[in-house]
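# Structural description and commentary
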Amino acid sequence: MRRDRWKLRRSETPKRVSLLNRAWTGVKWIGSVPGRTFPKHEVVDGGRMLSGLIAAVRRRSRRDTRFRVHEDRHFDLEATAFLHGIKVSQVEGLLQSRRRQTALSAYIFFGSGWVLFIYWLFEIAITPWASWSIAPVLEFSPFCLFLFLTAFRSALQNYQLRTRRLATAWEYLTTSAQFWPS
C-alpha cells in the first residue's frame, strides 16, 4: 500500500521542462503582450469613421453650380449675379478682390518655395554624404514642390479671373499675355 502511494505521488509530480522550452514560453508570452493590449475596438471605430468621411466627401458636389459660365468657358456675370441676388457690379468687385488675393498668395507661395529651395540646396552642400544623413535632406524636397505647385495654382486662378474665363493650365503656360499674376 505504501508503494502505491509513492507511485501516485511520483506520477503526480510535473515533468521537468527543458531550458529551451521555458525560454520559448517566455518569448511567446512577451510577444503576446502587444496583441493583448491592442485596442481592436478603437481601430475598428476609427476605420468606420474614416470610411464615413470618405463617403461624405465623395457624395459632395465637386463644383459650385451657382457660378455660371457660358459654353465657350467665359464667365456669365449676369446669371451669377441673378443666382446670388446681387448686382453685376458687386460680382465684378468680388472678382477683383479675389484676383488681388490670388496674386498675393501666388507671390507668397512662390517666394516661400524659392527660400526653402535655397535652404534645401544649402543643406545638401553641408550634409556629409552618408546613408543615415542624406535621407532627411531628400525627404525635404516634396515641401518645395508643394509650394511651387500651390503658387502655380494661385497664378492659374488669377489668370482665369483676369481673362474672365475658365482657362486650362496649358493655356496659361502658352499664353502670350502677361504671365505673372497682377
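Right above here is the structure, for reference.
Below or above, wherever it landed, is the structure these notes cover. Computed from a predicted model, the values in this text were never measured in an experiment.

### Re helix H2 (residues 19-37)
Over its 19 residues, H2 extends 28 Å from the first C-alpha to the last, a length consistent with the 27 Å expected when each residue adds 1.5 Å. Most pronounced at Gly31, the bend in H2 amounts to some 25 degrees, and the proline Pro34 follows within four residues. Among the 19 residues of H2, zero are classified as buried, and the element is accordingly described as predominantly exposed.

### A short note on the environment of Phe109
Structurally, Phe109 is set in helix H5 (residues 88-126). A residue is classified by how much of its surface remains accessible, and Phe109, at 27% relative accessible area, is partly exposed. Through-space distance from the C-alpha of Phe109 to that of Phe148 is 6.6 Å; in sequence the pair is 39 residues apart. Not counting residues within four places of it along the chain, the set of residues in contact with Phe109 comprises Leu147, Thr150, Ala151 and Ser154.

### Examining the packing of aromatic side chains
The final tally for this structure, using the stated rule, is ten aromatic pairs. Geometrically, the ring pair formed by Phe110 and Phe148 is edge-to-face, given 5.9 Å between the ring centres and 70 degrees between the ring planes. Here the residue Phe110 occupies a position in helix H5, and Phe148 occupies one in helix H7 (residues 141-163), the gap between them amounting to 38 residues. The class for Phe110 is partly exposed, based on a relative accessible area of 30%. Look at Phe148 and you get partly exposed, because its relative accessible area is 23%. Residues Tyr159 and Tyr172 carry aromatic rings whose centres are separated by 5.1 Å and whose planes lie at 45 degrees to one another, so their mutual orientation is tilted. Of this pair, Tyr159 sits in helix H7 while Tyr172 sits in helix H8 (residues 169-173), placing them 13 residues apart in sequence. Comparing Tyr159 with Tyr172 shows no difference in burial state: the two are buried. Among the aromatic residues, those joined into a ring-pair cluster are Phe110, Trp114, Phe117, Trp120, Phe148 and Trp180.

Basis of the calculations
- Residues numbered from 1 in each chain as written.
- Predicted model: local features only at pLDDT ≥ 70, side-chain atom pairs only at ≥ 80, totals over all residues.
- Heavy atoms only, no water.
- Helix = DSSP H or I, 4+ residues; strand = E, 2+ residues; numbered from the N terminus.
- Expected span 1.5 Å × (residues − 1).
- Bend = angle between axes of the 7 residues up to and from the residue.
- Buried < 20%, exposed > 50% of the residue type's maximum accessible area, 1.4 Å probe, protein only.
- Contact = heavy atoms within 4.5 Å.
- Phe/Tyr/Trp six-rings, centres within 6.5 Å; stacked < 30°, edge-to-face > 60°.

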